[in-house]
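Each chain, letter by letter, is given below.
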Amino acid sequence: MSSVSLRASVAEDDDGQAVITFEAVSKTYRDGTTAVSELDLVLPSDQVSVLVGPSGCGKTTTLQMINRMIEPTAGSISWDGTPLPQIRRTTLRRQMGYVIQSGGLFPHRTVLDNICTVPTLLGWSRARSRSRALELLSLVGLDRSLAQRFPAQLSGGQQQRVGVARALAADPVLLLMDEPFSAVDPVVRADLQELVKGLQRELGKTIVMITHDIDEAMIMGDQVVIMRVGGRIAQMGTPDEILDRPLDDFVAGFVGRDRGYRALTFAPAAGLPVARIRSVRSAASVATGSSPAVVVDGEGRPLGWADAAHGSTLLPLGATFAAETDTLRAVVDAALSSPVGLAVAVQSSGRLAGVVSAADALEAVRRRRLQVAERHGSAVAAAPDDGDAPSADPATLHEEAGPPADPAAPRQEVGHPPTPSPDRRTTPPPDGAAPAGPADDEREAAS
Amino acid sequence: MNVFSFLLDAENWAGPSGIWVRIGQHVFYSVASVLLAALVAIPLGVLIGHTRRGDAVVSGLSNAARAVPTLGLLVLVVTLMGSGYLPVVLALAVLAVPPVLVNTAAGFRGADPGAVHAGRALGMTGWQLVRQVELPLAVPLVVSGLRSASLQVVATATVAALAAAGGLGRFVVDGQNLGPGGYPQMFAGAVLVALLAVLVDLGLGGLGWALQRRTGRISREDRDHLATLQPGTA
Ligand SMILES: Nc1ncnc2c1ncn2[C@@H]1O[C@H](COP(=O)(O)OP(=O)(O)O)[C@@H](O)[C@H]1O
Ligand SMILES: [Mg+2]
C-alpha cells in the first residue's frame, strides 16, 4: 500500500518526474493475436509522445496498458519506477486523463456533470467540482451556457472539447488520448490540435497520444513513435529526426515521399536575412539598366514586380511569405514562384518587409538539414556536404527532396533513444568538427 | 340481453365476491408476481449484462420459461403446494421472469459502449459503473421489460380462478358455468381484465417516460448553483 501513497504524492506536487517505462512488454490476446511484442519504450514527462502507425498495429493496446485497461502478458510497465500492478487500478486511472475518439461522454449526464466525473469519484465537494468544471469549460473554449446541455445537443467538435475537459478535470499528471480527433472534420481537428498543444504548453502535462495520421503525429509530437504491425517500434524520435532520416522503407513510406520538403514545414522563416528592396508605385518608373523593384500600392502592400527588361509591364508577384510567422517551406515556395528569383516578405499588416534571395532560401534549407543532422548527435552527416560549393543551387533542393538513402548517414537506434548505441557511426567524427560552424561561414560567403 | 347488465348492477360490485374484491385480488397477484420476478430477474440481468457473460443462461432460461404452459405450471404448483395465493404468484412470476431478464441484460450489455469504456478508464469501480452509467442508460429497457411482463401477467392472472384463488378470472369461470345466461358475467370479467391491462400499460409507459426524462434533466439544486456562478447567462 505504500506505493499507493507514493503515487498520490506524485499527483499532488506535479513535479513533472512521472515517466512511463515499458520493458519488454508483450500482449497476446486470448485468441492468439499478438498485438504488442517485446516493446521497450520510455514516455518522458512533460512531453507529448505520439504513437502512430497503421490500423491494428497495437497502438490502442499499448495505450491501454498504461492505465491497466489491458494487462500485459509479459514484461513490465512502471510509472516513475513503481510497477503498475502495485497501484490500484481505480487510483491509477483517476490520475490519468483519458480521451477517446468517440468522445465516450455519458449521454445521460449534462456537460457539467460529465466534466465533474473524476472530481466526484475523488470525493471533491459538489461546489468545488462544479466551479472546477466551469473553469475547464472556458479553458477548452466552450461557452458556459453549454454547461447544462446534454452531449447529444453538442457538435462533434464540442463533444471532443468536453471530453478533453473531463479528462483534465482532476488535474491528472498524465493524459492518454486514443485518436482523439479522428472523428471530427479537418477544420475542427486543427482547432483541437491547437487547443491541446496550447494546454500542454500552459499546463505542462505529459501526454501520450495515438493517431494513424502521420501529419497529426508530426504536428503534435515532441516524440513520435512509429509502430508497425505486431506492436513493434519502427522508429522513434523527434518529428525532425524522423522526417529527415527515416530508418527504413516502412518509415519512409509512412512519412511520405515528400518528407524532405515537408520537414521545412517545421522550420520557421524568422531569422532569414531579409534584404531591403527598392519599391516603386508604378512599373513604368523603373529606369533602364536598374535592378528589379517591387511595385506597391498606396498602403505599401506589394502588387508585383517591375523589371527594366520588361519595360512598364507589371510582372506577377508570385507567392509571398509572412516574415515573422511563416515557415521555410513558404519561403522556398515564394522564391521559386518569383519571376526574379526573390521571395517577397510581408509584415503582418501586409506591407512589404523585404526580400530573400532564392540562393539564401535554399542555403537555409541546407543549414536546416545540417542542424537536424547535428541534433542526431553526429558530425558525420555534415561530411558529405563539406565539399559542396558555398553557393546553393537548385540541385540542393533536389537532393533535399530525393530518396532517403544516404549511405554515410548515421543510423538511429530503434527503441532505445535514451541509450546511445555504440555502433551508431560508421566513421568516428573528427574531434572538434562542429557542424554548425562551416554552415555559418558558408552563409556569410553566399550573402 | 344486455352484456353490460352484470357490470351495471351495483350489487355485483360490493361484497366479498364482488367486482371490487376481484379486482383487488387480480391486482395483488399481478403486482406480487411481477415484483417477485423483478427481484430475481433484475439482479441476474444486471450481472449478466454488466459482466457480458452468461448469454447462454439468458436465452436458455427465457426459452425454457416461454415453453412452459402457464396453465400446466399452475396445475403442477397447485398439486405440489395445494391451492391458495402462493402457487398462483409463483406460477405467474415464472411467466414474468423472461421478459424482465432478457430486457435488463440487453439494457446493461447494450449501454453506450463508449460511455462504459470511458467510465471504467476514468476510474469508476464496477459498482459505480453499474449505478452511475449502465443503470441510467438501461432504465428504458428495464422498464419496458417490466411492462411486457406485467401485461402478460395481468392477462394470465385469470387462471388464478382455476386454483380457487379468485381474481377477475372468477367471473369468466362462473359465467361459463351458468350457460348462456352467464355471458354478461363473462363479459364483465373479460372487459375488466382488458381495462386493467390497458391501465397497467399506460402507467408503466408513463413511468418509463418519466424515468427517461429524469435521467435527462439537471436537478433544481444544480440549476440554482449554476445561476449563482453565471449571473450573465442564467
Ligand atoms: N480484445 C481483443 N481480442 C483479440 N484481439 C484483439 C483485441 N483487441 C485488439 N486485438 C487485435 O490486436 C491488434 C492490435 O489492436 P489495437 O491495439 O487495437 O491496434 P490499433 O489501435 O493500432 O489499431 C489487432 O490485430 C487487433 O485485431
Ligand atoms: Mg486503436
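Scoring rules and cut-offs
- Residues numbered from 1 in each chain as written.
- Chains lettered and ligands numbered in written order.
- Predicted model: local features only at pLDDT ≥ 70, side-chain atom pairs only at ≥ 80, totals over all residues.
- Heavy atoms only, no water.
- Contact = heavy atoms within 4.5 Å.
- Buried area = accessible area lost by both parts, 1.4 Å probe.
- Helix = DSSP H or I, 4+ residues; strand = E, 2+ residues; numbered from the N terminus.
- Phe/Tyr/Trp six-rings, centres within 6.5 Å; stacked < 30°, edge-to-face > 60°.
- Buried < 20%, exposed > 50% of the residue type's maximum accessible area, 1.4 Å probe, protein only.
- Lys NZ or Arg CZ within 6 Å of the ring centre and 35° of its normal.
- UniProt positions renumbered as here; feature names shortened; annotations may be inferred.

**Q** Can you lay out the interface of chain A and chain B for me, pointing to particular residues and giving the numbers?
**A** Counting from both sides, the interface comprises 32 residues of chain A and, opposite them, 29 residues of chain B. Taking both sides of the interface into account, the surface hidden between chain A and chain B amounts to around 2,600 Å²; carbon and sulfur atoms contribute 64%. Considering only the surface of chain A that becomes buried against chain B, A:His108, A:Leu121 and A:Gln148 emerge as the three largest contributors, covering 21% of it. Secondary-structure elements contributing two or more residues to the side of chain A that touches chain B are α3 (89-94), β6 (96-100), α4 (111-115), α5 (117-121) and α6 (126-139) of chain A.

**Q** Just give me the short version of the packing of aromatic side chains, but keep the residues and values in it.
**A** Per the stated rule, a full pass over the model turns up six aromatic pairs over all chains. Here B:Phe4 and B:Phe187 contribute two aromatic rings whose centre-to-centre distance is 5.3 Å and whose plane-to-plane angle is 85 degrees, an arrangement assigned as edge-to-face. You can see B:Phe4 sitting in the segment before α1 (5-8) and its partner B:Phe187 sitting in helix α9 (residues 183-215), a full 183 residues away along the chain. Judged by its relative accessible area of 42%, B:Phe4 falls in the partly exposed class. Between the aromatic rings of B:Phe6 and B:Phe171, the centroid separation amounts to 5.4 Å while the plane-to-plane angle is 65 degrees, which identifies the pairing as edge-to-face. Of this pair, B:Phe6 sits in helix α1 while B:Phe171 sits in helix α8 (residues 169-177), and the two are 165 residues apart along the sequence. An identical accessibility class is assigned to B:Phe6 and B:Phe171; each is buried. An aromatic cluster of at least three residues, connected via ring pairs, comprises B:Phe28, B:Tyr29 and B:Tyr85. Lying across the ring of A:Trp124, A:Arg128 places its NZ or CZ 3.6 Å from the centre. Here the guanidinium or amino end of A:Arg166 rests over the ring plane of A:Phe106, the centre of that ring lying 4.8 Å away.

**Q** How would you summarise the UniProt feature "transmembrane region" (unreviewed entry) in chain B if you had to cite specific residues and measurements?
**A** Residue and element names in this part refer to chain B. Mapped onto this structure's residue numbering, the UniProt feature "transmembrane region" (unreviewed entry) falls at residues 27-50 and 186-211. The straight-line gap between the two end C-alpha atoms of residues 27-50 is 32 Å; of that span, 100% is helix and 0% is strand. Across residues 186-211, helical content stands at 100% and strand content at 0%; the span's end C-alpha atoms are separated by 37 Å.

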